[in-house]
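Residue-level listing of the chains:
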Number of protein chains: 2
Amino acid sequence: MKMIQLYASLKSDLQAIEETMTREVTTDLPLLSETSLHLLKAGGKRIRPVLVLLSGKFGTYSLETLQKVAVSLELIHMATLVHDDVIDDAETRRGQLTVKSKWDNRIAMYTGDFIYAKALTVITQLENPRIHQILSGAMVQMCIGEMEQIRDFFNVNQNVRRYLLRIRRKTALLIAISCQLGALATNAPPAVCAALYRFGYNVGMAYQITDDLLDLCGTEKVIGKPPGNDLRQGNITLPVLYALEDEPIRGALLDEIAAIQNSEGAADSSAAVRLVRSSKGIAAAERLADRYFAKALQALGGLPEIPAKKNLSEITRFLAQRSY
Amino acid sequence: MKMIQLYASLKSDLQAIEETMTREVTTDLPLLSETSLHLLKAGGKRIRPVLVLLSGKFGTYSLETLQKVAVSLELIHMATLVHDDVIDDAETRRGQLTVKSKWDNRIAMYTGDFIYAKALTVITQLENPRIHQILSGAMVQMCIGEMEQIRDFFNVNQNVRRYLLRIRRKTALLIAISCQLGALATNAPPAVCAALYRFGYNVGMAYQITDDLLDLCGTEKVIGKPPGNDLRQGNITLPVLYALEDEPIRGALLDEIAAIQNSEGAADSSAAVRLVRSSKGIAAAERLADRYFAKALQALGGLPEIPAKKNLSEITRFLAQRSY
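These numbers come from a predicted model, not from an experiment.

Q: Explain the overall build of chain A to me, and be specific about the residues and the numbers.
A: Looking only at helices and strands, chain A features 17 helices and 2 strands. For 324 residues, the compact-globule formula gives about 20 Å, and the C-alpha radius of gyration of chain A, at 20 Å, lands near that figure. The principal-axis extent of the C-alpha atoms belonging to chain A is close to 55 × 50 × 35 Å. Looking at chain A residue by residue over its 324 residues, the buried ones come to 62%. Contacts in chain A between residues far apart in sequence, at least 24 positions, make up 72% of those at least 6 positions apart. Carbon and sulfur atoms provide 51% of the accessible area of chain A, an area that totals close to 12700 Å².

Q: Just give me the short version of the pattern of salt bridges, but keep the residues and values in it.
A: This structure, assessed with the given rule, holds 23 salt bridges over all chains. Between arginine 46 of chain A and glutamate 18 of chain A there is a salt bridge, with the nearest N and O atoms lying 2.7 Å from each other. Of this pair, arginine 46 of chain A sits in the loop between helix H3 (30-41) and helix H4 (47-56) while glutamate 18 of chain A is found in helix H2 (residues 11-25), placing the two residues 28 residues apart along the sequence. On the basis of relative accessibility, which here comes to 9%, the residue arginine 46 of chain A falls in the buried class. On the basis of relative accessibility, which here comes to 24%, the residue glutamate 18 of chain A falls in the partly exposed class. One salt bridge connects lysine 309 of chain B with glutamate 305 of chain B, and the closest N-O pair in it is separated by 2.7 Å. In this structure glutamate 305 of chain B comes out as exposed when scored by relative accessible area, which is 68%. Within the structure, one salt-bridge network assembled from shared partners comprises Arg151, Asp152, Arg162 and Arg166 of chain A.

Q: Before we move on, could you go through the interface of chain B and chain A and cite the residues and values that matter?
A: Contacts between the two partners involve 39 residues from chain B and, on the opposite side, 39 residues from chain A. Summed over both partners, the interface of chain B with chain A comes to about 3700 Å²; 78% of that surface belongs to carbon and sulfur atoms. Contact with chain A buries surface across chain B, with Arg106, Tyr110 and Met147 of chain B losing the most and accounting together for 20% of the total. Scanning the region where chain B abuts chain A turns up 0 salt bridges.

Q: Go over the side chain of glutamine 233 of chain B with me, naming the residues and quoting the values.
A: All names here are of chain B. Mapped onto the elements of the fold, glutamine 233 is located in helix H12 (residues 229-233). Looking at glutamine 233, the relative accessible area reads 14%, which means it is buried. Once you skip the residues sitting within four places of it in the chain, glutamine 233 turns out to touch Asp88, Gln149, Phe153 and Phe154.

Q: Break down the relation of the copies chain B and chain A for me, citing the residues and quoting the values.
A: Its rotation angle being 180°, the transformation that places chain B on chain A also includes 0.0 Å of axial translation and leaves an RMSD of 0.0 Å. Given the turn and translation reported, the copies of this chain are related as if by a two-fold rotation axis. Most of the interface of chain B is mirrored in chain A, where 100% of its interface residues again form contacts.

Q: Describe in detail the nonpolar core, supporting the description with residues and values.
A: By size, the foremost hydrophobic cluster in this structure holds 239 residues, and its most contacted members are Ile209 and Leu253 of chain A together with Ile209 and Leu253 of chain B. Beyond its immediate sequence surroundings of up to four residues, isoleucine 209 of chain A is in contact with Tyr163, Leu164, Ile167, Leu238, Ala285, Leu288, Ala289 and Tyr292 of chain A.

Q: I'd like a rundown of the environment of glutamine 158 of chain B, residues and numbers included.
A: All names here are of chain B. Residue position: glutamine 158 is located in the loop between helix H8 (129-151) and helix H9 (160-185). Considering only alpha carbons, one finds glutamine 158 and alanine 195, 37 residues apart in sequence, at a separation of 31 Å. Excluding residues within four positions of it along the chain, glutamine 158 makes contact with Asp152, Tyr163, Arg166, Ile236 and Leu241. There is a polar contact of 2.9 Å between the side chain of glutamine 158 and the backbone oxygen of asparagine 155. Of note is the side chain of glutamine 158, whose polar atom sits 2.5 Å from the side chain of arginine 166.

Q: Give me the lowdown on the packing of helix H4 (residues 47-56) of chain B against H9 of chain B, citing residues and values where you can.
A: Residue and element names in this part refer to chain B. Here H4 crosses H9 at 30°, and the two axes come no closer than 7 Å. As H4 runs across H9, the sense of the crossing is right-handed. Facing H4, whose interface residues are Arg48, Leu51, Val52, Ser55 and Gly56, H9 presents Leu174, Ile175, Ser178, Cys179, Gly182 and Ala183. Grouping the amino acids of the contact of H4 with H9 by side-chain chemistry returns 6 nonpolar, 4 polar and 1 charged.

Q: Lay out helix H15 (residues 270-278) of chain A in plain terms, naming residues and giving numbers.
A: Residue and element names in this part refer to chain A. Considered for burial, the residues of H15 that qualify are Ala272, Val273, Leu275 and Val276. An end-on view of H15 places all buried positions within 160° of arc, on one side of the element. Turned more than 90 degrees off the buried face of H15, the exposed positions are Arg274 and Ser278. For H15, the secondary structure elements touched by its buried residues are helix H10 (190-217), helix H12 (229-233), helix H13 (238-244), helix H14 (247-263) and helix H16 (281-300).

Q: Tell me what's going on with the packing of H2 of chain A against helix H5 (residues 63-88) of chain A, and back it up with residues and numbers.
A: Relative placement of two packed helices is described by the angle separating their axes and the distance separating the axes. Residue and element names in this part refer to chain A. Following both chains from N to C, one finds H2 and H5 inclined at 60°, their axes separated by 9 Å at the closest point. Here H5 runs oblique to H2, going by the angle between their axes. H2 and H5 meet at a crossing whose hand is right-handed. Contact with H2, carried on its side by Asp13, Ala16, Ile17, Thr20, Met21 and Val25, involves Leu63, Gln67, Ala70, Val71, Glu74 and Leu75 of H5 and no other residues of that element. Class assignment for the residues of the contact of H2 with H5 results in 8 nonpolar, 2 polar and 2 charged.

Q: Please give an account of H16 of chain A that cites residues and values.
A: Residues and elements named next belong to chain A. For H16, which comprises 20 residues, the first-to-last C-alpha distance of 29 Å matches the rise-based estimate of 28 Å (1.5 Å per residue) to within 8%. Taken as a whole, H16 has its buried residues at Gly281, Ile282, Ala284, Ala285, Leu288, Ala289, Tyr292, Phe293, Ala296, Ala299 and Leu300. Close packing links the buried residues of H16 with helix H9 (160-185), H10, H13, H15 and helix H17 (307-320).

Q: Describe the environment of isoleucine 134 of chain A, and please don't skip the residues or the numbers.
A: Examined against the element boundaries, isoleucine 134 of chain A turns out to sit in helix H8 (residues 129-151). Apart from the residues within four sequence positions on either side, isoleucine 134 of chain A is in contact with Ile177, Gln180, Leu181 and Leu184 of chain A.

Conventions and cut-offs
Residues numbered from 1 in each chain as written. Chains lettered and ligands numbered in written order. Predicted model: local features only at pLDDT ≥ 70, side-chain atom pairs only at ≥ 80, totals over all residues. Heavy atoms only, no water. Helix = DSSP H or I, 4+ residues; strand = E, 2+ residues; numbered from the N terminus. Rg over C-alpha atoms; globule rule 2.2 N^0.38 Å. Buried < 20%, exposed > 50% of the residue type's maximum accessible area, 1.4 Å probe, protein only. Contact = heavy atoms within 4.5 Å. Areas by Shrake-Rupley, 256 points an atom, 1.4 Å probe, with all protein chains shown as cover. Salt bridge = Lys/Arg side-chain N within 4 Å of Asp/Glu carboxyl O. Buried area = accessible area lost by both parts, 1.4 Å probe. Least-squares fit on C-alpha atoms with pLDDT ≥ 70 in both. Core = buried A, V, L, I, M, F, W, Y, C linked by side-chain atoms within 4.5 Å. Polar contact = N/O pair within 3.5 Å; in protein donor to acceptor, adjacent residues only side chain to side chain. Axes fitted to C-alpha atoms, helices over the stretch in contact; angles between N-to-C directions. Left-handed = near helix turned anticlockwise from the far one by under 90°. Nonpolar A, V, L, I, M, F, W, Y, C, P; charged D, E, K, R; others polar. Arc of directions from axis to C-beta. Parallel < 35°, antiparallel > 145°, perpendicular 65-115°, else oblique. Expected span 1.5 Å × (residues − 1).

Written as structure tokens, this is what we have:
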């Protein structure tokens, strides 16, 4: 099954989720509706809603229930994107102007706050307190991950473990709980919820590493912004950390990163990108991503043989294809 | 009973709340703990925790339960302050450097996000879904209120109703639910919860109007920043709206406000402040604040005669005293 077929099989449910998201962020304050709908219309793969729905197939599937989880998690994801764009001073995302660039930082901040709060009004319609505890715990970890990223900007001496801990919080956790909460909300057995959490966690780790690779190896057309964006901001990702372990590259790469840091945003990062691409860092990061993808597939092992299980492994294989 | 005596009677419970707040915002990420503790130590009247505790006396008082409500609401209040300081470009608050000024805007944004999320982990320990629904609904309204404030910057044609709707969302709602949730969490009867909500709402409206008056009539020593701060930002408050209805003042005041707007933050607002002070706007705003304070006392009318009821009316009278 191709990704497009998978989405087709979930089409009407995903459509319902899309409509609920639109309805939820529409208020009688035009400015807020505009910024929120601008974000919503910018699209995205809706990977979290897809995972919520598929995980819900392992319990007593109910669109009414799962929709609340899916809408809430996707809105939280969107809210983090608006806030990240403020931090990253990003002009575009997915080829569209960001809220902070179309409007301004203040408006982006409150749009994010509003979407967070809306996400909560949706999920609090569910009465299971475990769901709220898991979600709020993940939100705390996500904020810590974002702060760690700021702390580690331009830190060329951070180790791989630190990077992995950071992306675990920043990305993997929300994907992990998308699977876990989809199962939990439909009363799937605890072992199933736990296995789906592990699946999501490993997919999330692999996904972020792949995304970090794409920022270095992708073309501007594919990533919707010039490559080397992470480096320009000072975000030292896995391929760069591995490249710094590549002795013939290390010295020149350190110089390039120092030059970017000293230019305060003015320098371009293309020389650093070229160095990383020519290093052993790319292959090493790809290997680690593949290990996480493999662990994700492994986590599916003990789950009952229902079509959703096959869909989850299809998604994993799809995400593991590199588009550079 | 004086305010200080009231606080003394709640001392050990407020102390427990303070300790829980400190513990909750302390993480193993030093930067985040520093920014959060900086905020916490800057103090404040802790009016929301006081109202939660007193409202809890109308049900089956339990510090363990009430503490979760109080900590959560005070943290949410603090999170909005950090985000507001970014928007207001405020250098100081309560005589202390703001997070955005001691660190930077990015760090202030994530500190706010982190404290919001922490507030949720605390309150989601309570299992009553109504509590979470009420809280998340209020958070949405608060964000809308903040966006309305941005929308209405320098809008001299807004009417009083629009101002009232804005401060209702921005301020009164969180104070209203402090009372409501204190009662609800301790299983007070619905009529009591509703009366306490009305009490809190009216106190909150009066409180914000008084705060807006203070920004115009207070001394720098009392308000911890130069007077006229709201006007410098373009925040047109009730005394200014009433002053604009005062024909002999209107023309000159419009000119001054236009000058502030055109200076893009460079002009000082002291001439505008003097005009408002000399107008009928101050007395008119004071009258409306007094009406809200009176309605707050009225809302207490039907409540059982327990000491907490007297305490709530003492608080109201205390807040109604003007310190300018």
